[in-house]
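One letter stands for each residue in the lines below.
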Amino acid sequence: MIELTIDGKRVQARKGEHLLAIARREGVEIPTLCHHEAVEPSGACRMCMVEVTRPDWEGWSKLVTACNFPAEEDLIVRTRTDKVMQTRKEILELLIARTPGSQLIAEMAREYGLDHPTLTVGELSEKCILCDICTRVCQNLVTGAISRINRGVEKEVNTPFAEVSDVCIGCLACAKSCPTDAIEFKQVGLERTIWGRTFDLVPCTQCGAPTLPKEQAEWLSERTGMKVEEYFVCVKCKAAQTARTYENIAW
Amino acid sequence: MKLTLDTFHKFQKEQAARLEGRKAITVCCGTSCRAKGGLDVASAIQTKLKDAGLDENAVELTQTGCHGWCEMGPIVTVEPEGTFYQQVKVEDADAIVASYTKGNAEEKLLYRDPTTRQRVASYHAIPFYAGQTRWALRNVGRVDPANINDSIARGSYVALNRALTSMTPEGVLNEVAEAKLRGRGGGGFDAGRKWRSAAKAPGFPKYIICNGDEGDPGAFMDRTIMEGDPHGVLEGMILAAFAVGSNQGYIYVRQEYPLAVEHLRQAIKDAHAMGLLGDNILGTEFSFDVRIARGGGAFVCGESSALMRSIEGKVGEPRAKYVHATDKGLNDKPTVLNNVETYVNVPLIVEKGSQWFANTGTDKSKGTKAFSVVGKVLHSGLIEVPMGTTLRELIFDIAGGIPGKNRQFKAVQTGGPSGGCLPEKMLDLPVDFDSLADNGSMMGSGGLIVMDDRNCIVDVARYFVHFLVEESCGKCVPCREGLRHLLDVLERITQGKGKMSDLDTIERLCDVLENGSLCALGKSAANPVRSTLRYFRKEYEEHINEHFCKAGVCPALCTYKINDQCTGCTLCAKVCPTHCISGSRKEKHVIDQAKCIQCGSCFDVCNFNAIDILGSNG
């Protein structure tokens, strides 16, 4: 274990542990947009910037992203200096200009006192802030059906060549992990459409309600060893089944 | 034939003796001279030599790499005299061979000094070359890059042989560290320190990477070295591998350099065949191999962490460098990544010693630096000088100054899109890593773009930001979004729609780029804008307040008008692409403003200062 200082407070941590994790454990609030507990940090959104220095740096300090900066002995971390707050505010202004329709960004901007953004505003329909959570989730935890394509201002999240993906399993992990609800999908009856592909949802074997796509069940089955059919029970019926099992247990 | 530590020395002496005093005609076959017909010139001379009954024992015809003075190409030299022929055409082959057999030089192909009007017989007497100290470029233009024996004759692999015979890896590390060699790719990081960290880091395998993804507009030092002296690069990498304890290396070459790839491939093959690369180098226990990785055309892949992702086959995006590549680089293994020019300096240090190397240069920047000097200079090309040479010496003494009798020096952009624009008063600045950085620019990889009073400074800033908008990878918010808005503001100013408050917006966007960006591309992206605003603020203000672009570049902010000095020579009317200049011979001409596109062609050709550049409303 090592000791470091966050906003004047001495705290303990493992060497190399990321500053964001330590701060959150200690109840110090640092805003994030591209951070997701399930995947490795990326450092893309730059909202978690903090100022770090060391006693031997002779007054020199630098801004770093807390999400991936490794803790070291005697590091002095300040999470709300003028420079930090100003940089976060500017980043939010850039994001408002990109996604003027996003509620989350608007709320965060208000917190940072950004009442009158001055930069030219983009399209109202744009919601994606390119935080990379969806692509990291899909690539590291699911099948890698989507990635970031093009570069710079042209960058977007999509399937390769924006064609219908044959590896997508329709699990919605991308859409559900998106902080700004930018990934659209449609679910009507026993049909779910995402990334231009329509999946048939298998009806619950007990009540007929939609469960999940066959592709997703097969993918899960391969990894868990459970039978594919076991996934075709809806959440309600599964709960009822569990309740019945408990009822039958003689206490 | 595989060489060993025992046989190398003898072989090297034999090759050196062969080269000593050899009679040769060399033809530059670098990329630029090839484009101008260098290969055809070479084969024409070959045919004429044959016709004259001169076989290769009498005179060798050598196809070399680039001499770095591409506007003079195709370049032909005659050795050992050092006769320098410029802009040689296929038709000149006859005359060259004829004068060769007579033992004299072909007058009309020699370089003519623009001031003395005298023809200069030898390479070494031409100011462009005489003012240089060619260390990194020592073999470029002197050897046939496709012939390993040529390189060995000029001393390639002597340092390697020395290191493997009488030095320990620690010894090589110490030499490089004591020579205070700093990375030539831009940042100027201490190479010895980098190597030592990688040598100490736990992990196997360790990698040596050579960064040949030279992306700065107008820069071509690394291309020239890879094309013209591939063995120099390889030897530097092998020495680094020996010092660090690596067995695998990569040379990352940008997509646009096919000739560099061809020559490096040949060099790797030849070095393998001679036991200088691969398993058991020179018969020792030390093994090291090199592969070529080709870039896909993204500027950002010249950034070290993005480059490594690209070699891994992933999207070329940078990542945080809080954990150094020397600990976790390529495939998360300890990695040394240096630039082409850095590696090519290493054999010199190992062969001649750190003291010798450190005797040249300034206190903190040792050795030499190659620059590609382009733009408004008389002689654009590759110029290698000791660190600490002033910008004035580089631009005026060696590159010949600003062409055009009425043109004035305005600014020089060092370091490409990551560097800054320095004004006339900074010309006596010694060129080294620290002086440039202290003044808002940077050394960068060595691109040097010279501008005169016909370059609009706001337009220059706009150009670089536009370049970066297109090349930003788009991963982090400040670089992707900030640059887009910065470009937006600069475009507004050049179109005459700027407000004074835009200058504050520029400062604000520069701050967030510098403080917030993930990698050096974004962090340094503000430099061209910041430096132009710092040194040429008045020009920005003229654009905004007076709607006046005094350089005559921004079409919305200038008008060209003919004044009373006009002699009616009709030259302007002849060059005008829209035919909007009218007037009779020997009478004052007039520009039809409705048709004028503000291209400035008339201004550039006028010999009588008869054309004025005025603001948008005249």
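Bear in mind that the values here come from a model prediction, so they are computed numbers and not experimental data.

Novice: Looking at this structure, I do not really get the packing of helix α2 (residues 82–98) of chain A against helix α20 (residues 501–516) of chain B. What am I missing?
Specialist: Each pair of packed helices gets described by two things: the angle between the helix axes and the distance between those axes. Where α2(A) contacts α20(B), the two axes come as close as 10 Å, and the packing angle between them is 110°. Classed by the angle they form, the pair α2(A) and α20(B) counts as roughly perpendicular. Between α2(A) and α20(B) lies a crossing whose hand is left-handed. The segment α2(A) lies against α20(B), with A:Lys83, A:Thr87, A:Glu90, A:Ile91, A:Glu93 and A:Leu94 engaging B:Arg508, B:Leu509, B:Val512, B:Asn515 and B:Gly516. Of the residues assigned to the contact of α2(A) with α20(B), the class counts are four nonpolar, three polar and four charged.

Novice: Honestly, the pairing of strand β9 (residues 191–194) of chain A in this entry has me stumped. Any pointers?
Specialist: For a regular strand, the rule is simple: side chains alternate between the two faces of the sheet. Residue and element names in this part refer to chain A. Only one face of β9 is covered, namely the one carrying Arg192 and Ile194; the face carrying Glu191 and Thr193 has none of its residues buried. Pairing geometry for strand β8 (residues 185–188) and β9, over four bridges, is antiparallel. The residue of β9 that forms the bridge with Lys186 is Thr193. Where β8 folds back on β9, the antiparallel hairpin that results is connected by two residues, among which Gly189 adopts a positive phi of roughly 60°. Strand direction decides the pairing type here: β9 and strand β10 (residues 197–203), joined by four bridges, are antiparallel. Residue pairing in the sheet places Ile194 in a bridge with Arg197 of β10. In textbook terms, the turn of a hairpin is the stretch between consecutive antiparallel strands, and for β9 and β10 this stretch comprises two residues, one of which, Trp195, has a positive phi near 50°.

Novice: I keep staring at the interface of chain B and chain A and nothing clicks. Help me out?
Specialist: Reports of interface size often rely on the accessible area that becomes lost once the parts have come together. With 31 residues of chain B at the contact, the number on the chain A side is 32 residues. Counting the surface lost from both chain B and chain A, the interface buries some 2,600 Å², and carbon and sulfur atoms represent 54% of this. Looking only at chain B, the three residues that lose the most surface to chain A are B:Tyr322, B:Arg480 and B:Arg508, adding up to 25% of its buried area. In this structure, B:Arg508 engages A:Glu93 in a salt bridge whose closest nitrogen and oxygen atoms are separated by 3.0 Å. Our enumeration of links across chain B and chain A arrives at 18 residue pairs in polar contact (both at pLDDT 80 or more). Elements with a minimum of two residues in the side of chain B that touches chain A: α18 (457–471), α19 (477–494) and α20 of chain B. Looking at the side of chain B that touches chain A, the element that brings in the most residues is α19(B), giving nine residues. A class-by-class count of the residues in the side of chain B that touches chain A yields 12 nonpolar, nine polar and 10 charged.

Novice: Mind showing me how you'd approach the domain arrangement of chain B here?
Specialist: If you check the domain split of chain B, you get domain 1 (19–127), domain 2 (148–358), domain 3 (368–455), domain 4 (458–546) and domain 5 (558–614). Centre-to-centre, using C-alpha coordinates, domain 4 of chain B lies 34 Å away from domain 5 of chain B.

Novice: Sorry, what's going on with the environment of B:Gly68 here?
Specialist: All names here are of chain B. Considering the arrangement of structural elements, one finds Gly68 in the loop between β2 (60–64) and β3 (76–79). For the pair Gly68 and Val373, spaced 305 residues apart in the sequence, the C-alpha separation amounts to 9.9 Å. Those residues in contact with Gly68, other than ones at most four positions away along the chain, are Phe128, Arg134, Ser380, Gly381 and Leu382.

Novice: I'm lost on the environment of A:Lys89 in this one. Help?
Specialist: Residues and elements named next belong to chain A. Topologically, Lys89 is positioned in helix α2. On a C-alpha basis, the gap between Lys89 and Ala109 in space is 6.9 Å, while along the polypeptide they are 20 residues apart. Every residue in contact with Lys89, bar those within four places of it in the chain, is listed here: Tyr112, Gly113 and Leu114.

Novice: Which parts of the structure should I look at to understand the pattern of salt bridges?
Specialist: Pairing is possible between side chains of opposite charge, provided their charged atoms come close. All chains considered together, the criterion is met by 48 salt bridges over all chains. Residues joined in a network through salt bridges with shared partners are A:Arg98, B:Arg480, B:Glu481 and B:Arg484.

Novice: Whenever I open this one, the environment of B:Leu427 confuses me. Can you help?
Specialist: All names here are of chain B. One can find Leu427 in the loop between β14 (420–423) and α17 (433–438). Relative accessible area serves as the criterion here: at 0%, Leu427 is assigned to the buried category. Not counting residues within four places of it along the chain, the set of residues in contact with Leu427 comprises Thr390, Leu391, Arg392, Ile395, Phe396 and Phe409.

Novice: Teacher, can you tell me more about the sheet that holds strand β9 (residues 289–294) of chain B here?
Specialist: In sheet architecture, strand pairing relies on hydrogen bonds along the backbone and comes in two forms, parallel and antiparallel. All names here are of chain B. Spatial strand order, β9-β8-β7-β10: four strands in an open sheet with parallel pairing. On the outer flanks of this sheet lie β9 and β10 (335–339), each paired with one strand and no other. Going from strand to strand, the sheet's axes swing by 20° on average, the running direction of each strand aside. Here strand β7 (residues 207–212) pairs with strand β8 (residues 248–253) via six bridges, running parallel. Looking at the pairing, Asn211 lines up with Tyr252 of β8. This element, helix α14 (residues 340–352), spans β7 and β10 of the sheet and lies at about 95° to β10.

The rules behind each value
- Residues numbered from 1 in each chain as written.
- Chains lettered and ligands numbered in written order.
- Predicted model: local features only at pLDDT ≥ 70, side-chain atom pairs only at ≥ 80, totals over all residues.
- Heavy atoms only, no water.
- Axes fitted to C-alpha atoms, helices over the stretch in contact; angles between N-to-C directions.
- Helix = DSSP H or I, 4+ residues; strand = E, 2+ residues; numbered from the N terminus.
- Parallel < 35°, antiparallel > 145°, perpendicular 65-115°, else oblique.
- Left-handed = near helix turned anticlockwise from the far one by under 90°.
- Contact = heavy atoms within 4.5 Å.
- Nonpolar A, V, L, I, M, F, W, Y, C, P; charged D, E, K, R; others polar.
- Buried < 20%, exposed > 50% of the residue type's maximum accessible area, 1.4 Å probe, protein only.
- Pairing = 2+ DSSP bridges.
- Buried area = accessible area lost by both parts, 1.4 Å probe.
- Salt bridge = Lys/Arg side-chain N within 4 Å of Asp/Glu carboxyl O.
- Polar contact = N/O pair within 3.5 Å; in protein donor to acceptor, adjacent residues only side chain to side chain.
- Domains from an automatic or database assignment.

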